[in-house]
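Here are the chains, one letter per residue:
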Amino acid sequence: MTDAVHSLPEIDEKHSVSDDSIEKKGVDGVEVTDDAIMAKEVEEFEERLQNDEATEDEYRVQEAYEVAIKVLSTRDDPELPSLTFRTFFLGLGFSAFGAVLAQIYYFKPQTLLVSQLFLLVLAYWFGNALAMAIPSKGLFRWLNPSPFNIKEHVAIIIMASSAAVSATAIQVISVQDLYYNNKLNAGLAIFTLIGSQLLGYGYAGLLQDMLVKPTKCFWPYTISTANLFQALHYDNQMTSKRVRLFWTIFVVVFCWEIVPQWIFPLLTGVSIFCLANNHSTVFRNIFGGGSNNEGVGLLSWSFDWNLITSECLYNPLWLQINQDIGTFFCYILMAGVYYGNLWRAKDFPFMSQAIFAEDGSQYNQTALLTNGRFDEKKYEQLGPAFFSATNALYLMTSNLSLGATFTHVFYWHWQDIKPFLKTFNPWNKTPLEVHDAHNEKMKVYKQIPRWWYFVLLAVAYAIAQATNYGGHSGLPWWAVTVILLISLVMSMLFATLAATIGFKEFNSSANGFYQMITAYMVPGQPVANMYGALYGQHPQGQCILMLSDLKLGHYVKLAPRVTFSMQILGTVVGAILNYVMMVTIIDANRDALLSISGTRLWSGQNAQSYNSNAISWGALGPEMFGINGVYHMVPLCLVIGLFTPLPFILAYKLWPKAGFHNFSAPIILQYSAYLSVGVNTQIWPSMVIGIFSQWWVRTRYPRWFTKYNYIVAAALDGGTQVISFILNFAVFGASGTPHNFPVWWGNDTSLSADRCAAPDN
């Protein structure tokens, strides 16, 4: 890696996984490695930054990865306890809270996510309260050995966030129970939940040497969280400007978000075009975007941080530039395919994820099946199925992006991948060396042997095969094996992009990819398709989440074995509680969950949607995507995508100093139909704020950027997520009864939120 300043220790970016350290003699005759010297120099550099003794050039972040040193501290106290009574009490408590809540809201009309920042703030308050409430002398010293510290705090959050989700396997299990009369027994269901997640943890363990330890793998979206942990525990509390700034912004945005989310929804998306004409569907499609599936939101502006989020403050500049390029392509492509009437676009809504019949009505997918399998005679009666044109475009660009990822990662990161792969050769005698200041501090802790992960992976593979067979999925053992191998490779590729530039918009496209692969291997079987997606996408997602947690532990110096243990414990607790809540809810509310509209309290919309996707791919896949299908280009885009990075590679070869290596075909292509779903009014403020923060402030005010940018990001997201959680219960109906704000000009329920014409669907 190139240095921003001469005082920052030299770290080789391009070969951050490199040769052995050279040992030097210290003044006392003790051998000192180059890495130890580098770590000492970084400590001195950080002290200058902390005491405001550094120059503007020393504060300035030139390369994205430098935030790992200039924003975060390498400070550590190995004597701090991490596994205490508080850790397990609060960790298990928040794990149970998050897992139960996440599972309840999987079956609710409203979606509610328990975010990591929300748990972080709660754990900080409760941890300090316990430290003050429990005596610290005598026998109580075991319960309260010291003030609440950063390692306990991080361990709690890793455990709780591992549990606070409704696992993907729950969707498969609940759909089988509701729609296919196949109720898995408790042991089989819980092991399906645990096994699918442990596969991802096994992948992560094998990949951590390449994707956690090197400096260039700085995981941008962990920087803000790690910075908040360090500010809360290392600064002098309210005498610290960083801490005061955090709580001030937290309170302000907490109060402000009540306005756009409840009182004045027009502020979620202000479009002067829609204000001028709220009858034109063209204006709605192009300039609207305040409501779900409304439009692409061109030139629309949101004042709701719940939509904007702090990603624009911490995502690297070149990630945002590539996203913005893709977004501009999106405006052109989505308008082009719809108004050019490609794939009979105008016969269907501008934006929709549903499947349609020839007459424009929604396709009766369940009528296709006989005993859970595709029935060709019924298909002939129902006729062909169609997507909305923009949804078909999204499937194409997602596959183009997937194909481009292979070429992009293997070309630009081969120098990191090659020595890593060599370490799996039993005859290789060259150890993998990583030169990183944070990693140097982590050497005092026992590392996790690689064989642990091989054992974990073998156990998880056995569980996957056993539960797949026991669940009567219809997916052959060889298909499971193929999908898992593909998932491992894809995990490495996508985790590389997530680690080095922060790109993580691949979950939905990856799910479609695995459904497509399974549809070719096992056609006509929706349940097999669900299991194929489960064992493809879910381990991949879990792998990337675990790698991110390992990097967070790396930054705050939590022992790797503690991080591993917290993740496993959180996963097991979450799986058991997910299953218990699912069974309880389904048994008590089966009729409501099976009905299309549900009730005021319960809805099967998520299970219905998951089942519909499985039917569309598992049953209709060959008809829609086969060589004679309307959308035959969708699978072909995987192959075409392999060649899309070549123009940038060629341009880089011709003009190596022109910056073409910064352009990423996978990111541009993924965002080239990104606006085909959801609310889109946040795009323009996100673009402007991102360039302002990551270019203007970073280059013109480097001292402020280094000290406060990531604290501001955490405060904005933290305050927003806490009030959003409260509003869900207080006024949005999460507690059973919604309390809508009175209708007025800024809250007109007859129009879209931004006063455009209401969406078609």
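Data block above holds the structure.
Residues numbered from 1 in each chain as written. Predicted model: local features only at pLDDT ≥ 70, side-chain atom pairs only at ≥ 80, totals over all residues. Heavy atoms only, no water.

**Overview of the packing of aromatic side chains**
Phase 1 of the analysis: All told, the structure shown has 49 aromatic pairs when counted by the stated rule.
Phase 2 of the analysis: When the centroid spacing of 6.3 Å and the interplanar angle of 50° are considered together, the rings of F410 and W414 count as tilted.
Phase 3 of the analysis: Arranged with centres 6.3 Å apart and planes meeting at 35°, the rings of Y531 and Y535 form a pair that is tilted. Remark: Y535 and Y531 occur in helix α24 (residues 526-556); sequence separation between them is four residues, near one turn of the helix. (Phe/Tyr/Trp six-rings, centres within 6.5 Å; stacked < 30°, edge-to-face > 60°. Helix = DSSP H or I, 4+ residues; strand = E, 2+ residues; numbered from the N terminus.)

**Focus: helix α22 (residues 477-500)**
Phase 1 of the analysis: The end-to-end C-alpha separation of α22 is 35 Å, in line with the 34 Å expected for 24 residues at 1.5 Å each.
Phase 2 of the analysis: Two residues or fewer past α22, G502 is found with a positive phi of approximately 90°. (Expected span 1.5 Å × (residues − 1).)

**Digging into a negative patch on the surface**
Phase 1 of the analysis: A cluster of acidic side chains, namely E41, E44, E47 and E53, defines a negative patch on the protein surface.
Phase 2 of the analysis: Inspection of the secondary structure puts E47 in helix α1 (residues 34-50). (Patch = residues over 30% accessible without salt bridge, like charges linked within 9 Å, V, L, I, M, F, W, Y side chains within 5 Å. Areas by Shrake-Rupley, 256 points an atom, 1.4 Å probe, with all protein chains shown as cover. Salt bridge = Lys/Arg side-chain N within 4 Å of Asp/Glu carboxyl O. Lys, Arg positive; Asp, Glu negative; His and termini not counted. Charge placed at Lys NZ, Arg CZ, Asp CG, Glu CD.)

**A word on the environment of L534**
Phase 1 of the analysis: With respect to the secondary-structure elements, L534 resides in helix α24.
Phase 2 of the analysis: Sequence-wise, L534 and Y514 are 20 residues apart; in three dimensions their C-alpha atoms are separated by 8.5 Å.
Phase 3 of the analysis: When near neighbours in sequence (up to four residues on either side) are disregarded, L534 contacts T168, A169, V172, T192, S196 and P539. (Contact = heavy atoms within 4.5 Å.)

**Brief notes about the packing of helix α18 (residues 389-412) against helix α28 (residues 633-641)**
Phase 1 of the analysis: The interhelical angle for the contact between α18 and α28, taken along N-to-C directions, is 25°, at an axis separation of 6 Å. Relative to α28, the element α18 is oriented roughly parallel. As α18 packs across α28, the resulting crossing turns out to be right-handed. On α28, the residues that touch A392, L395, M396, N399, L400, L402, G403 and A404 of α18 are M633, V634, P635, C637, L638, I640 and G641.
Phase 2 of the analysis: Residues belonging to the contact of α18 with α28 are distributed by class as follows: twelve nonpolar, three polar and no charged. (Axes fitted to C-alpha atoms, helices over the stretch in contact; angles between N-to-C directions. Parallel < 35°, antiparallel > 145°, perpendicular 65-115°, else oblique. Left-handed = near helix turned anticlockwise from the far one by under 90°. Nonpolar A, V, L, I, M, F, W, Y, C, P; charged D, E, K, R; others polar.)

**A short note on helix α19 (residues 414-422)**
Phase 1 of the analysis: Within α19, the full set of buried residues consists of D416, I417 and F420. Considered in projection along α19, the buried side chains sweep an arc of 95° and stay on one side of the axis. (Buried < 20%, exposed > 50% of the residue type's maximum accessible area, 1.4 Å probe, protein only. Arc of directions from axis to C-beta.)

**Comments concerning empty space enclosed by the protein**
Phase 1 of the analysis: Scanning the entire structure with this criterion turns up six cavities of 30 Å³ or more.
Phase 2 of the analysis: Of the voids in this model, the largest cavity is the one considered here, and its volume is about 100 Å³.
Phase 3 of the analysis: Forming the boundary of the largest cavity are Q208, V212, K213, N439, M442, Q447, L550, G553, H554, L558, P560 and T563.
Phase 4 of the analysis: The set of elements that each furnish at least two residues to the lining of the largest cavity consists of α20 (437-442), α24 and α25 (560-594).
Phase 5 of the analysis: Ranked by residue count, the leading element in the lining of the largest cavity is α24, at three residues.
Phase 6 of the analysis: Looking at side-chain class alone, the lining of the largest cavity contains five nonpolar, six polar and one charged residues. (1 Å grid on protein atoms, 1.4 Å probe; cavity = no way out; pocket = protein on both sides within 12 Å on 5 of 7 lines; lining within 4 Å. Points joined across faces, edges and corners; volume = space filled by probe spheres on them.)

**Observations regarding the side chain of D436**
Phase 1 of the analysis: Inspection of the secondary structure assignment puts D436 in the loop between β8 (433-434) and α20.
Phase 2 of the analysis: Buried charge D436 goes without a salt bridge, the closest partner of opposite sign being K551 at 5.0 Å.
Phase 3 of the analysis: Of note is the side chain of D436, whose polar atom sits 2.5 Å from the side chain of T215.
Phase 4 of the analysis: If we ignore the near neighbours within four places in the chain, the residues touching D436 are M38, K213, P214, T215 and H554. (Polar contact = N/O pair within 3.5 Å; in protein donor to acceptor, adjacent residues only side chain to side chain.)

**Side note on a nonpolar patch on the surface**
Phase 1 of the analysis: A cluster of nonpolar side chains, I691, F692, W695, W696, Y701 and W704, forms an exposed patch at the surface whose accessible area comes to about 640 Å².
Phase 2 of the analysis: Of all the elements, helix α31 (residues 683-700) adds the most residues to the nonpolar patch, at four residues.
Phase 3 of the analysis: Inspection of the secondary structure assignment puts F692 in helix α31.
Phase 4 of the analysis: Under the relative-accessibility criterion, F692 is labelled partly exposed at 49%.

**Quick notes on the state of the cysteines**
In a disulfide, the sulfur atoms of two cysteines are held together by a covalent bond.
Phase 1 of the analysis: Across all of its chains, the model carries one disulfide by this definition.
Phase 2 of the analysis: Just so you know, C330 is unpaired, no disulfide at all, and the nearest cysteine sulfur is the one on C637, 15 Å from it.
Phase 3 of the analysis: According to the relative accessible area criterion, C330 is buried, its value standing at 0%. (Disulfide = S-S within 2.5 Å.)

Just distances and angles here, no functional claims.
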